[in-house]
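A structural walkthrough
Residues per chain, in single letters:
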Protein chains: 4
Amino acid sequence: MSSTFGTLFKVTTFGESHGRGVGVVVDGCPAGVEISLSTIQTQLDRRRPGQSRLTTPRQEGDQVELLSGLENGKTLGTPISMLVRNRNQRPSDYGAMANIPRPSHADYTYRMKYGATSQSGGGRASARETLARVAAGSVAEQILKALFGVEIVAWVSQAGKIKASTIDAAHLSREIVDNEAVRCPDPQAAASMTAAIEKAATEQDSLGGVVSCVCRGVPAGWGEPVFDKLDALLAQAMLSIPAVKGFAIGSGFSCASMSGSEHNDLFVASGSQIGTKTNYSGGVQGGISNGQFINFEVAFKPAPTIGKAQKTVDYEGREVVLEGKGRHDPCVLPRAVSVVEAMAALVLADLALRQAARCQ
Amino acid sequence: MSSTFGTLFKVTTFGESHGRGVGVVVDGCPAGVEISLSTIQTQLDRRRPGQSRLTTPRQEGDQVELLSGLENGKTLGTPISMLVRNRNQRPSDYGAMANIPRPSHADYTYRMKYGATSQSGGGRASARETLARVAAGSVAEQILKALFGVEIVAWVSQAGKIKASTIDAAHLSREIVDNEAVRCPDPQAAASMTAAIEKAATEQDSLGGVVSCVCRGVPAGWGEPVFDKLDALLAQAMLSIPAVKGFAIGSGFSCASMSGSEHNDLFVASGSQIGTKTNYSGGVQGGISNGQFINFEVAFKPAPTIGKAQKTVDYEGREVVLEGKGRHDPCVLPRAVSVVEAMAALVLADLALRQAARCQ
Amino acid sequence: MSSTFGTLFKVTTFGESHGRGVGVVVDGCPAGVEISLSTIQTQLDRRRPGQSRLTTPRQEGDQVELLSGLENGKTLGTPISMLVRNRNQRPSDYGAMANIPRPSHADYTYRMKYGATSQSGGGRASARETLARVAAGSVAEQILKALFGVEIVAWVSQAGKIKASTIDAAHLSREIVDNEAVRCPDPQAAASMTAAIEKAATEQDSLGGVVSCVCRGVPAGWGEPVFDKLDALLAQAMLSIPAVKGFAIGSGFSCASMSGSEHNDLFVASGSQIGTKTNYSGGVQGGISNGQFINFEVAFKPAPTIGKAQKTVDYEGREVVLEGKGRHDPCVLPRAVSVVEAMAALVLADLALRQAARCQ
Amino acid sequence: MSSTFGTLFKVTTFGESHGRGVGVVVDGCPAGVEISLSTIQTQLDRRRPGQSRLTTPRQEGDQVELLSGLENGKTLGTPISMLVRNRNQRPSDYGAMANIPRPSHADYTYRMKYGATSQSGGGRASARETLARVAAGSVAEQILKALFGVEIVAWVSQAGKIKASTIDAAHLSREIVDNEAVRCPDPQAAASMTAAIEKAATEQDSLGGVVSCVCRGVPAGWGEPVFDKLDALLAQAMLSIPAVKGFAIGSGFSCASMSGSEHNDLFVASGSQIGTKTNYSGGVQGGISNGQFINFEVAFKPAPTIGKAQKTVDYEGREVVLEGKGRHDPCVLPRAVSVVEAMAALVLADLALRQAARCQ
């Protein structure tokens, strides 16, 4: 298992969905930076189940407890560790499924890898693990904002077949995003998405979607070629989130159909500096930030645990009909927004420190 | 700069496109495995420019020299290092562009990061660096094949607006792929792609595209949740290749429009084991291989250096018209095939050793 | 700050001496291994202050709480995390010293590095942090014993000027070591050590010493040249323990005065294998275990916080007389024994997994 | 095998003693720093065999070839790679020993670890690998000097039973050290050492010794507790050098016999800052530099390959008399001086960058 992420700003998560709790250790923070626990809690609340009828009715609570690393609200430079206790465990919900690997879930692969037959082993594959990332990501964000003025905002740009129209990324805020329970800042699309998700819920089915994200205020120069390019680490970070199947930066897959003369971001004078006319690059060239907005998209598959009957087989190959009994999200996208923001923050905080190390 | 990739199977590349040469150190190979230098050379030749009129007319040669790590054709367990000398350097081709950052190229970001005004600094952003990856990737592939029977085949599935039809991934071989200079195994699409690339060349423009890849024979159990998931490391690996803007595994972005009941890969009995009816997961669930084919797609932007005139500005913000003078690829896709295979092999070799370490 | 140790068997500690608690995350454990929490607690108790009049009278309790990673007493392959709450905090003991850096303590260097003026920052330099290492080390030991039959025993071989006579390392056990409060298995030397420590306590002074350690049952082949040699990682591990000033393996510094013909460990037949006649190598040659006992020595300086008056200066350079007021150990050696064992176990567990990864 | 060292300033060595050559990749250098190749060559020459009758008569030459990373004598921020070809290989010298593991050499452990029966596998255990470290270390030194004013000087303080008197570390230079072929700056001790080494050479035997080292100009604040403490990484670095059996910083093992009131380095006013009256700490407290001289000692065992007859056994356990036939050093200490300096520089350069990353 690989539960640590980052080179200098280093995050280690622990905890299973059905164990005592989920937590995180954030090592490598600069000292003397103010960190607000309530800001962390706010991001946890945005990830929390049960916020609206669009998500699972589990009421997890998820109060973060600080264990170390802060004094008088400021970082000490020592590891910041945080714990969120698990409260609302209902392992019995899953008992019936013990011999049947849920299709497209990690049940089967965890058993093949770890030989473990327990639920708790697979419990690291649960979206609940992302709670630790959100807590750590909020610390990273607060440092990025305090030291560099960086802002990160993500939103739901697609849910099922409904796509949002183009969003004004320059002025988007989390407040605007949160205006809609579905976290899509295009109100018309949001209404359609909501209807589609409610329909899926009724059918005991689930929907996929896309989360888009913009990072503003990243100075030129962040990213470590050739392997730890800014976009390469973002890609790893996003694909490490459960249920993610694709990552695209800037023009993404649409670049394939374009010619160089269409796709090139021509430089233009911009005050005493130079900027670019378009941003097909998504703010990254050669793996290094160029000072423009960093924007990227993340594709989430529909949650695999559904109530709808599925014809599948158990571990011995016997045919069974499986009907998921747990309380699950018809669409994880609204809750995934803060997870995407968190992982982006972890990548940027690490690369910010690595660039500072250059002594230049 | 971050020139090392991998945890146990660890690859370090070095060299600038306009310096003495490009090379690689491959540390962490198991001892006693036969490695063929001519197999390495074959993959380098597939990446080499000047193979056909579709790629750049530069004739680089690119003969690999072994510096250490093998004896009597077998690995010693010590670092395998290889060097490819640069021969066909024409730095004067680039001289005129010294004050003008090429749009969508790494010129500008390298200067902002390293403060270097030299060509050679940006020379790490050159596709020539990928030569070192291909050499290392071939070592990884040979180990994967010898110890585990793994096979990796990539191909061009889209060039510009032309898309190949679905390919039979089970029976695809590199020989079939190489039947067409454009490395697309769909002959009809290949013909259209060739025409499109030739047209772009005539117009001094360039085309983007998509490389698809299948990895066969990967046993269930490889991949290290939660951050070094198999698909997360593949995503990092692919986005670390110059010009890549997107990565998708299995269903990729199309998963967003699907419902869970459509997307779930139902289990079926398969001999003494169980397999899946469909493979929207792309062979990875919860970040761990499930024994099915691993398939993924990589989007390449059109090469930014083009002969066509571009209105841009120099570093001081003065308007200029830039016409690229170097010898460049109208479409890098055919040459990118072996780079994608190489990076996939590096990820799999590392995860294979990490799974072996589990002592189970 | 660097709070993570190990490549595959990876340990991350957190917590300050005067904060909420101290804890650890142990990632990379093989799955399915039985782990006894009471064995962990026993090692913590051996490190605990207040065991005898030779150590500090603080009664910390130090009950370990398991947060994740085990189910039904077995490892899941997921991170094992453990927390020990701080209970007996008396920050006021240290208040008076806030403007005076304690000589040979980390007060001054932490302030210079982190700019922090808080006690808690320096609280990572406290020996209390080693509690997390002992908990993690016990997990490592239990895995090493279950999978490979490795045993580790450390003891006090010198306290102040008193040195123990040669110990029979083949038959030494922790029970024998614990027969004496001072943890020296030579009863005569133990008596003298006890007297010397009591004298130092009376004089409000402290004593240094040496902990010796033997690792039995390590098979030939562990250790990763050239930088992660078994002895190199042991050296790092031991010097990372607070108050350690020296590390010696096998013959140690006495090798300097010997000739090759004296120092060479001649091979002898030993059943179907070959062994060595002497063990000046300390069980390691070329950075790799050779199947003999691994033995090494660790020098601990006298604890810097003493009650005896010291003429020193405060941060502004003003002369002061400092008399330490906290409850501190006249000699940390007896408590350091389990810390040395723990760090040795962490090194060996990591190298065991790395050797297993060799697929041979 | 673990051939990479460092977190940000990252060095990877490759090459066997009897293969094509030995080389190194130095990644993570700040850009724009002047690096002199002749300074690198000078350090290589100081490590080179055949400098005097005290060392092996092999004439290796060892001219360094730069492969990448510099332009116009300055760092580009890209990996600096260097290669030294092997020229004077006489594998036949070793042929007779193929079935007999040399006592206290790495022959046996390399075979047990890698299963390799070749000489070249063991060739990574050769002191020749340290050549790559010296080249990399010289790059690190030049950066440390240019950016921070750090100076590093090592010398032979003991050879066999002869110990040098205390050296004035404040004014010691490499020129002074090199005044004596034996590299001991105490002329009287140097004469005795020379006689002892010549006697050992005549007897076809070898001698051990101690290299001492001082690092001047290191500012307070370098070192990353809790695991990557400055002294912990120095210990790893030194124990990773072939033949090293012990490491001691500051007071080293003598601290064991001292009381706290003797050993504590009392603070004194020192201009606008504060310094210490004594330096038993060796410039490091709590794993962080305190601005005083960093001084440490490294114990080298006598070289195991000797001409003198040794009664040992072959791999099958058959008794044999072994007389080493290669050309070997009667005392490696004079040549080890630049290796110790190099490894110290690698540790300090990495920690310097890591401290810079703190953004403070």
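Residues numbered from 1 in each chain as written. Chains lettered and ligands numbered in written order. Predicted model: local features only at pLDDT ≥ 70, side-chain atom pairs only at ≥ 80, totals over all residues.

1. Structural notes on the relation of the copies chain C and chain D
The line we're drawing: Superposition of the copies was done by least squares, using only C-alpha atoms of residues whose pLDDT is at least 70 in both. In this description, a residue-residue contact is defined by the distance between C-beta atoms placed from the backbone, which must lie within 7 Å.
The operation relating chain C to chain D is a screw motion whose rotation component is 180°, with 0.0 Å of axial translation and a residual RMSD of 0.0 Å. In short, the pair behaves as if placed about a two-fold rotation axis. Interface overlap between copies: 100% of the residues of chain C at the interface are likewise at the interface in chain D, consistent with a symmetric, same-surface contact.

2. Comments concerning helix α1 (residues 37–47) of chain C
Residue and element names in this part refer to chain C. For clarity, the threshold we go by: With C-beta atoms placed from the backbone, the exposure class of a residue follows from how many other C-beta atoms lie within 10 Å of its own: 20 or more, buried; 12 or fewer, exposed; in between, partly exposed. A run of DSSP states H or I qualifies as a helix once it reaches four residues; a run of E qualifies as a strand once it reaches two. Both are numbered from the N-terminal end. Comment: arc refers to directions from the helix axis out to C-beta atoms.
When we look at burial in α1, the residues that qualify are Ile-40, Gln-43, Leu-44 and Arg-47. One face of α1 carries all of its buried residues, which in axial projection span an arc of 100°. The inward-facing, buried residues of α1 abut β4 (64–68), α5 (130–148) and α10 (333–356).

3. Description of unusual backbone geometry
That bond from B:Pro225 to B:Val226 is cis: its omega, 10°, falls within 30 degrees of zero. Structurally, B:Val226 is set in the loop between β10 (209–216) and α8 (230–239). With phi around 50°, A:Asn72 is a residue other than glycine that occupies positive phi space. One non-glycine residue with positive phi stands out, namely A:Gln204, at about 55°. Among the structural elements, A:Gln204 can be located in the loop between α7 (187–202) and β10 (209–216).

4. As for the relation of the copies chain D and chain A
Between chain D and chain A, the superposition needs a rotation of 180° and an axial shift of 0.0 Å, giving an RMSD of 0.0 Å. With an isologous cut-off of 70% or more, the 100% of interface residues of chain D that recur at the interface of chain A puts this contact in the isologous class.

5. As for the environment of D:Ser257
Residues and elements named next belong to chain D. Summarising the element assignment, Ser-257 is placed in the loop between β11 (244–249) and α9 (260–263). Taking the C-beta count within 10 Å as the criterion, Ser-257 has 21 such neighbours and is therefore assigned buried. C-alpha of Ser-257 to C-alpha of Val-211: the two residues are 46 residues apart in sequence and 22 Å apart in space.

6. Some remarks on the sheet that holds strand β7 (residues 80–85) of chain A
Think of a sheet as strands paired side by side through backbone hydrogen bonds, with each pair either parallel or antiparallel. Residues and elements named next belong to chain A. As a reminder of what qualifies: DSSP bridges decide pairing: two strands pair if at least two such bridges lie between them. Inter-axis angles, ranging from 0 to 180 degrees, are taken between N-to-C directions of lines fitted to C-alpha atoms, where helices are fitted over the stretch in contact.
If you walk across this open sheet you meet the five strands as β1-β2-β3-β7-β4, and the pairing is antiparallel. Of all the strands in the sheet, the pair left with one neighbour each is β1 (4–5) and β4 (64–68). One ladder, built from four bridges, connects β4 with β7; its direction is antiparallel. In the strand pairing of β7, Val-64 is matched with Val-84. Helix α5 (residues 130–148) rests against β2 (10–14), β3 (21–27), β4 and β7 of the sheet, and its axis sits at about 30° to β3.

7. Considerations on the interface of chain C and chain D
Let me state the cut-off plainly: Under the grouping applied here, Gly and all other residues not named as nonpolar or charged are polar, the nonpolar ones being Ala, Val, Leu, Ile, Met, Phe, Trp, Tyr, Cys and Pro and the charged ones Asp, Glu, Lys and Arg.
Facing the 90 residues of chain C at the interface are 90 residues of chain D. Among the elements that line the side of chain C that touches chain D, the one with the most residues is helix α8 (residues 230–239) of chain C, at six residues. Each residue belonging to the side of chain C that touches chain D can be placed in one class, and the counts come to 41 nonpolar, 35 polar and 14 charged. Alignment of strand β11 (residues 244–249) of chain C against β11(D), held across three bridges, turns out to be antiparallel. Looking across to β11(D), one finds that C:Ala248 is bridged to D:Gly246.

8. Examining the interface of chain D and chain A
Taken together, the contact pairs 12 residues of chain D with 12 residues of chain A. Of the residues forming the side of chain D that touches chain A, the biggest block, three residues, is contributed by helix α10 (residues 333–356) of chain D. The class makeup of the residues in the side of chain D that touches chain A is eight nonpolar, two polar and two charged.

9. Description of the packing of α8(C) against α10(C)
All names here are of chain C. For the record, the criterion: Two helices that cross are described as forming a left-handed crossing if the nearer one is turned anticlockwise from the farther one by less than a right angle, and a right-handed crossing if clockwise.
Relative orientation of the contacting elements α8 and α10 amounts to 145°, with a least axis distance of 9 Å. Taken as a pair, α8 and α10 cross one another with a handedness that is right-handed. Across the interface between the two elements, Leu-230, Leu-233, Leu-234, Ala-237 and Met-238 of α8 pack against Val-340, Met-343, Ala-344, Leu-346, Val-347 and Leu-351 of α10. Classifying every residue of the contact of α8 with α10 by side-chain character gives 11 nonpolar, no polar and no charged.

10. What to know about the pairing of strand β7 (residues 80–85) of chain B
Within a regular strand, the side chains alternate between the two sheet faces. Residue and element names in this part refer to chain B. Counting buried positions along β7 yields five of six residues, so the element is predominantly enclosed. In this sheet, β7 lies alongside strand β3 (residues 21–27) in antiparallel orientation, the contact comprising six bridges. Among the inter-strand pairings, Val-24 is bridged to a residue of β7, identified as Met-82.

11. Considering the sheet that holds strand β1 (residues 4–5) of chain D
Residues and elements named next belong to chain D. Pairing in this open sheet of five strands is antiparallel, and the strands run β1-β2-β3-β7-β4 from one edge to the other. The open sheet is flanked by β1 and β4 (64–68), the only strands paired with a single partner. Helix-sheet contacts for helix α5 (residues 130–148) involve β2 (10–14), β3 (21–27), β4 and β7 (80–85), and the interaxial angle to β3 is about 30°.

12. Overview of the packing of α8(C) against helix α8 (residues 230–239) of chain D
This is how the line gets drawn: What sets the label is the angle itself: under 35 degrees gives roughly parallel, over 145 gives roughly antiparallel, 65 to 115 gives roughly perpendicular, and the rest give oblique.
Between α8(C) and α8(D), the least distance of the axes is 7 Å, while the angle of their chain directions is 165°. Between α8(C) and α8(D), the crossing angle belongs to the class labelled roughly antiparallel. Where α8(C) crosses over α8(D), the two elements pack in a sense that is right-handed. Taken together, the residues of α8(D) that come into contact with α8(C) (itself represented by C:Asp231, C:Ala232, C:Leu233, C:Ala235, C:Gln236 and C:Leu239) are D:Asp231, D:Ala232, D:Leu233, D:Ala235, D:Gln236 and D:Leu239. Each residue belonging to the contact of α8(C) with α8(D) can be placed in one class, and the counts come to eight nonpolar, two polar and two charged.

13. Looking at the environment of A:Leu207
Locating A:Leu207 in the fold gives a position in the loop between α7 and β10. Owing to 30 C-beta atoms within 10 Å, A:Leu207 belongs among the buried residues under this scheme. Taking the C-alpha atoms as reference points, A:Leu207 and A:Ile197, 10 residues apart in sequence, are found 6.8 Å from one another. Dropping the residues within four chain positions of it, A:Leu207 is found in contact with A:Ala159, A:Gly160, A:Ala196, A:Ile197, A:Ala200, A:Pro302, A:Pro330, A:Cys331 and B:Ser259.

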